[in-house]
Amino acid sequence: AKIQKGTSNSFFHSDMGTDLARRLLIERDLSGNLKAKGFHFVLQPQINCSTGETDGVEVLARWHHPKLGPLSPLEFIGIAEETGTISHLTKHLLNEVFSFLKYNHKLYHGVPRTAINITPSLLTSRLFFEDLFRLMDKYQISSDWIEIEITESEELTVSEVTLENLLACRARGISIALDDFGTGFSMLAYLMDFPIDKIKLDKSFISKIGFNLKSEAVVKSLIQFVKNIGCKLVAEGVESQAEAAFLEMNGCLIHQGYLYDRPLLPETFVKYYLSGDEY
Ligand code: C2E
Ligand code: CA
Ligand code: CA
Ligand code: CA
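Calculation rules
- Residues numbered from 1 in each chain as written.
- Chains lettered and ligands numbered in written order.
- Predicted model: local features only at pLDDT ≥ 70, side-chain atom pairs only at ≥ 80, totals over all residues.
- Heavy atoms only, no water.
- Donors = N, O, S within 2.8 Å, 3.2 Å for Na, K, Ca; no water.
- Helix = DSSP H or I, 4+ residues; strand = E, 2+ residues; numbered from the N terminus.
- Near = heavy atom within 4 Å.
- Polar contact = N/O pair within 3.5 Å; in protein donor to acceptor, adjacent residues only side chain to side chain.
- Areas by Shrake-Rupley, 256 points an atom, 1.4 Å probe, with all protein chains shown as cover.
- Nonpolar A, V, L, I, M, F, W, Y, C, P; charged D, E, K, R; others polar.
- Salt bridge = Lys/Arg side-chain N within 4 Å of Asp/Glu carboxyl O.
- Buried < 20%, exposed > 50% of the residue type's maximum accessible area, 1.4 Å probe, protein only.
- Axes fitted to C-alpha atoms, helices over the stretch in contact; angles between N-to-C directions.
- Parallel < 35°, antiparallel > 145°, perpendicular 65-115°, else oblique.
- Left-handed = near helix turned anticlockwise from the far one by under 90°.
- Contact = heavy atoms within 4.5 Å.
- Disulfide = S-S within 2.5 Å.

Enquirer: Can you walk me through the coordination of the calcium ion (ligand 2) in this structure?
Expert: In an ideal octahedron of six donors the angles at the metal are 90 or 180 degrees, and in an ideal tetrahedron of four donors they are 109.5 degrees. The protein atoms that coordinate the calcium ion (ligand 2) are Glu58 (OE), Asn117 (OD1), Glu149 (OE) and Asp179 (OD), at distances spanning 2.1 to 2.3 Å. Expressed as a motif, the donor residue spacing for the calcium ion (ligand 2) is E-x58-N-x31-E-x29-D. Here the calcium ion (ligand 2) and the calcium ion (ligand 3) are spaced 3.9 Å apart, with aspartate 179 acting as a shared donor. Pair noted here: asparagine 117 is in strand E4 (residues 113-118) and aspartate 179 is in strand E6 (residues 175-181), with a separation of 62 residues, a long-range link.

Enquirer: Teacher, can you tell me more about the site of ligand 1 here?
Expert: Around ligand 1, the structure places 21 residues, and the nearest of them are Arg62, Asp179, Lys203, Glu239 and Tyr258. Glutamate 58 has a polar side-chain atom sitting 3.3 Å from an oxygen atom of ligand 1. Tyrosine 258 places a main-chain nitrogen or oxygen 2.8 Å from an oxygen atom of ligand 1. Taking 800 Å² as the accessible area of ligand 1 by itself, protein coverage stands at 87%. Counting residues per element, the ones that place at least two in the shell around ligand 1 are strand E2 (54-65), helix H2 (73-83) and E6. It is E2 that provides the largest number of residues to the shell around ligand 1, a total of four residues. Taken together, the residues that form the shell around ligand 1 break down as nine nonpolar, five polar and seven charged.

Enquirer: Whenever I open this one, the pattern of salt bridges confuses me. Can you help?
Expert: Proximity of charged atoms lets side chains of opposite charge pair with each other. Throughout the structure, instances matching the rule amount to 14 salt bridges. Between aspartate 55 and lysine 232 there is a salt bridge whose closest N-O contact spans 3.3 Å. Here aspartate 55, found in strand E2, pairs with lysine 232, found in strand E8 (residues 232-235); they are 177 residues apart in sequence, far enough to count as distant. On the accessibility criterion, aspartate 55 (27% relative accessible area) is partly exposed. Among the ionic pairs, arginine 126 bridges to glutamate 164, the shortest N-O distance being 2.6 Å. One end of the pair, arginine 126, is in helix H5 (residues 126-138); the other, glutamate 164, is in helix H6 (residues 160-172), and 38 residues separate them in sequence. Of the residues examined, arginine 126 reaches a relative accessible area of 46% and is grouped as partly exposed.

Enquirer: Any chance you could explain the packing of H5 against H6 here in plain terms?
Expert: Packing of H5 against H6 leaves a shortest axis separation of 10 Å and a crossing angle of 15°. It follows that H5 is roughly parallel to H6 by the angle criterion. Between H5 and H6 lies a crossing of right-handed hand. Across the interface between the two elements, Arg126, Phe129, Leu132 and Phe133 from H5 touch Val161, Glu164, Asn165, Ala168, Cys169 and Arg172 from H6.

Enquirer: What's the story with the state of the cysteines in this structure? I'm lost.
Expert: Every disulfide links exactly two cysteines, by a covalent bond between their sulfur atoms. Applying the stated rule across the entire model yields zero disulfides. We note that cysteine 231 lacks a disulfide partner, and the nearest cysteine sulfur, in cysteine 252, lies 13 Å from it. Here cysteine 252 is not cross-linked by a disulfide; its sulfur's nearest cysteine counterpart is in cysteine 49, at 7.5 Å. We classify cysteine 252 as buried; its relative accessible area is 1%.

Enquirer: Is there a simple way to explain the coordination of the calcium ion (ligand 3) in this structure?
Expert: Taken together, the protein ligands of the calcium ion (ligand 3) are Asp179 (OD), Asp180 (OD), Glu236 (OE) and Glu236 (OE), with distances of 2.2 to 2.6 Å. As a motif over one chain, the donors of the calcium ion (ligand 3) read D-D-x55-E.

Here is the structure:
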């Protein structure tokens, strides 16, 4: 039988049965008490390469499934988007992250602005944003503690409701970032229509640094483009010193990637980034 990622302990036999049973299991377990089912989050810092300061941090969902073991977010986020449980999943995450932020803001000299990935289908939901603002009140989350990261795993339509939701965030002072810039369906349309504060340069561009002159010219142009429209810029997936040096030389100073740190468990993040301990 075909070997699938993450299914070494699978007890299913036929290929079809495996795929279907696996999917159904994931689908079923995406409801109810997610924490009890091994769902949690990690944090990856965004570092200013010239000062070494932590400029922000991104929340990434993780799921150690009780039967299937660790699952890639690419798999379970995709299923959650298709089946509509992404709303439940994201709200669960917001509760966990907000409780973390509230606690640590009290204990330390603040936490860097924390970005949460929001999928297009939620951007079109008034209800989701009502819940978001209600949770912010509940946990006393200040607007400048958080950022919304617009992902584009599904196509995002430039609708009236989406615009209203984003303007409501902007009015409160919640920062809005555009994820995976350069790869999406209609990024330029979003930039024209939506209030975007920050752009995240996709890692596929970063990995082409050092590849050839043309690919480097593309990266340089994108950096210049983001500067011209007055947005903040973060480079994603920075893995090597050479990439970091190229980005710095061309004016892109905020970097996120394995060169600096992997996504960390919250307690590890606190230890190294909030409590002042050195490695
Ligand atoms: P993304 O939002 O573009 O997140 C960045 C991905 O790149 C993460 O993968 C991160 O672990 C990985 N990464 C970070 N630094 C490096 C690096 O230097 N090199 C390479 N090759 N990769 C790096 P991850 O955690 O597997 O997440 C995959 C995707 O799943 C995310 O891509 C995002 O689209 C989605 N996702 C994750 N958590 C959530 C969530 O809570 N909500 C939603 N809607 N989507 C999520
Ligand atoms: Ca993201
Ligand atoms: Ca991204
Ligand atoms: Ca790379």
